[in-house]
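# Observations on chain architecture
Here is what each chain is made of, one letter per residue.
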Amino acid sequence: GQQLNQSPQSMFIQEGEDVSMNCTSSSIFNTWLWYKQDPGEGPVLLIALYKAGELTSNGRLTAQFGITRKDSFLNISASIPSDVGIYFCAGQLSGNTPLVFGKGTRLSVIA
Amino acid sequence: NAGVTQTPKFQVLKTGQSMTLQCAQDMNHEYMSWYRQDPGMGLRLIHYSVGAGITDQGEVPNGYNVSRSTTEDFPLRLLSAAPSQTSVYFCASREARRSGANVLTFGAGSRLTVL
């Protein structure tokens, strides 16, 4: 089946630093999504991308849909303590197919 | 609206016991699914349903049964629990559009421990 490689697995950063994480796939997707999971909660959508090359921002978060349709990137600028959590990428080939999730990037922010 | 509601939040079972994890959504979503989350493994799809009366297997369906008798409910059944089924389970739903936005909304999770 389809697999997503998400990296890095974990990150420890200082408050105020920028963060970058990415996802790559062996096959193409037509939708890329980025979710964040706070401890003890379910994942919550951060950004959705629907077009190759698309660059979308949500506050301090910026995500891009790679032009090859096999990768996506998420950047967080000026990190703050509440950015702590697990970030998941997810890809979908079509509206009828299930989402495929990466294994997550665990972010820790040191104040 | 409550969104996606999962019960129970926590459950401890003995090996061989059976139980049902409940999931209900009030958004009239056609698509519902169950994931399990294990350390280092991310979210893995167990079963999903594109509408009432229709279910299909995901990546890790063994040991789990589902049914979809109504649009609102999608219970996950463990007929004979095993320690390997110790995990956090998430139910998620979305509209079943054929294209465009297909964003999953997740419940808060059910933490299951099998002794």
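Above this text you will find the structure in question.
An account of the accompanying structure is given in this report. (Residues numbered from 1 in each chain as written. Chains lettered and ligands numbered in written order. Predicted model: local features only at pLDDT ≥ 70, side-chain atom pairs only at ≥ 80, totals over all residues. Heavy atoms only, no water.)

## As for the overall build of chain B
To keep it simple, the criterion reads: A run of H or I in DSSP becomes a helix once it reaches four residues, and a run of E becomes a strand once it reaches two; helices and strands are each numbered from the N terminus. The quantity called the radius of gyration is restricted to C-alpha atoms. Its globule counterpart is 2.2 Å times the number of residues to the power 0.38. Note on exposure labels: buried denotes an accessible area under 20% of the residue type's maximum, exposed denotes more than 50%, and partly exposed covers the range between, all computed with a 1.4 Å probe on protein chains only. Residue contacts follow a heavy-atom distance rule, with two residues in contact if any of their heavy atoms lie within 4.5 Å. The positive count covers Lys and Arg only, the negative count covers Asp and Glu only, and His and the chain ends enter neither. Lys charges are placed at NZ, Arg charges at CZ, Asp charges at CG and Glu charges at CD.
Of regular secondary structure, chain B possesses zero helices and 11 strands. Starting at the N terminus and ending at the C terminus, chain B contains elements arranged as β-β-β-β-β-β-β-β-β-β-β. Against the compact-globule benchmark of 13 Å for 115 residues, chain B has a radius of gyration of 13 Å, which places it among compact chains. With 115 residues in all, chain B has 46% of them scored as buried. Taking all contacts inside chain B whose residues are at least 6 apart in sequence as the whole, residues at least 24 apart take part in 53%. Computed over 10 positive and 8 negative side-chain charges, the inter-centroid distance for chain B is 7 Å.

## Quick word on the sheet that holds strand 6 (residues 55-58) of chain A
All names here are of chain A. Test applied: Two strands pair under a simple rule: DSSP has to find at least two bridges between them. All axes are obtained by fitting lines to C-alpha atoms, using only the stretch in contact for helices, and the reported angles, taken between N-to-C directions, cover 0 to 180 degrees.
Reading across from one edge, 1-3-8-7-6 is the order of the five strands in this open sheet, with antiparallel pairing throughout. Of all the strands in the sheet, the pair left with one neighbour each is strand 1 (4-7) and strand 6. The average undirected angle you get between the axes of adjacent strands in this sheet is 15°. Bridging between strand 1 and strand 3 (residues 19-25) involves four bridges; their strand directions are antiparallel. Bridge assignment links asparagine 5 to a residue of strand 3, and that residue is threonine 24.

## Remarks on the packing of aromatic side chains
The test is simple: Any Phe, Tyr or Trp ring, taking Trp's six-membered ring, that has another such ring centre within 6.5 Å forms a pair; planes under 30 degrees apart are called stacked, those over 60 apart edge-to-face, and the others tilted.
Counted under the stated rule, the structure contains 10 aromatic pairs over all chains. Ring centres of Tyr35(A) and Phe106(B) lie 5.5 Å apart, and the angle between their planes is 85°; this geometry places the pair in the edge-to-face category. Pair noted here: Tyr35(A) is in strand 4 (residues 31-37) and Phe106(B) is in strand 10 (residues 105-106), and the two residues belong to different chains. Plain terms: the ring middles of Phe101(A) and Tyr35(B) are 5.3 Å apart, the flat faces sit at 85° to each other, and that makes the pair edge-to-face.

## Considerations on the sheet that holds strand 7 (residues 65-66) of chain B
With respect to topology, four strands assemble into an open sheet ordered 1-3-8-7 (chain B), the strand pairing being antiparallel. Each of the sheet's edge strands pairs with one partner strand only, and the pair in question is strand 1 (4-7) and strand 7 of chain B.

## A word on the nonpolar core
Which entries qualify depends on this criterion: We define a nonpolar core as any set of buried Ala, Val, Leu, Ile, Met, Phe, Trp, Tyr and Cys residues linked to one another through side-chain atoms lying within 4.5 Å.
Core analysis: the biggest nonpolar cluster contains 22 residues, and Trp32(A), Trp34(A), Leu74(A) and Leu107(A) have the highest contact counts within it. Counting residues in hydrophobic clusters, the runner-up holds 19 residues, among them Leu13(B), Leu21(B), Cys23(B) and Leu78(B).

## Some points on the state of the cysteines
Test applied: Pairs of cysteine sulfur atoms within 2.5 Å are what we label disulfides.
Inspection of every chain in the model, using the stated rule, returns two disulfides over all chains. Paired through a disulfide, Cys23(A) and Cys89(A) show a sulfur-sulfur distance of 1.6 Å. Taken together, the residues Cys23(A) in strand 3 and Cys89(A) in strand 9 (residues 85-92) connect sequence positions 66 residues apart. Of the two residues, Cys23(A) and Cys89(A), neither departs from the other in class, the shared state being buried. A disulfide bridge connects Cys23(B) with Cys91(B), and the sulfur atoms are separated by 1.9 Å. One disulfide, between Cys23(B) and Cys91(B), carries an S-S torsion of -75° and so falls in the left-handed class.

## Considerations on the layout of surface pockets
A water-sized probe, rolled over the atoms, reveals where empty space remains. Test applied: Definitions used for this entry: grid spacing 1 Å over protein atoms alone; cavity, a set of points where a 1.4 Å probe fits but cannot get out; pocket, an open set with protein on both sides within 12 Å along at least 5 of 7 lines; lining residue, one with an atom within 4 Å of a point. Grid points are joined across faces, edges and corners, and a volume is the space filled by probe spheres set on the points.
Here the largest pocket is characterised by a volume of approximately 670 Å³. Lining the largest pocket are 34 residues; nearest its centre among them are Gln37(A), Ile86(A), Arg106(A), Gln37(B) and Pro39(B). Elements represented by at least two residues in the lining of the largest pocket include exactly strand 9 and strand 11 (105-110) of chain A together with strand 4 (31-38), strand 9 (87-94) and strand 11 (110-114) of chain B.

## What to know about the interface of chain A and chain B
To keep things clear, this is the line we draw: Accessible surface is computed with a 1.4 Å probe, and the buried area is the amount of it that two parts give up when combined, taken over both parts together. Take a side-chain nitrogen of Lys or Arg and a carboxyl oxygen of Asp or Glu: if they are within 4 Å of each other, that pair is a salt bridge. Basically, the charged four are Asp, Glu, Lys and Arg, the nonpolar ten are Ala, Val, Leu, Ile, Met, Phe, Trp, Tyr, Cys and Pro, and anything else, Gly included, counts as polar.
Contacts between chain A and chain B engage 20 residues on the former and 22 residues on the latter. A combined buried area of about 1,600 Å² lies between chain A and chain B, and 54% of that area is made up of carbon and sulfur atoms. The tally of links between chain A and chain B comes to zero salt bridges. Elements supplying a minimum of two residues to the side of chain A that touches chain B: strand 4 and strand 9 of chain A. The residue makeup of the side of chain A that touches chain B, split by class, is 10 nonpolar, eight polar and two charged.

All we've got here are geometric facts, nothing functional implied.
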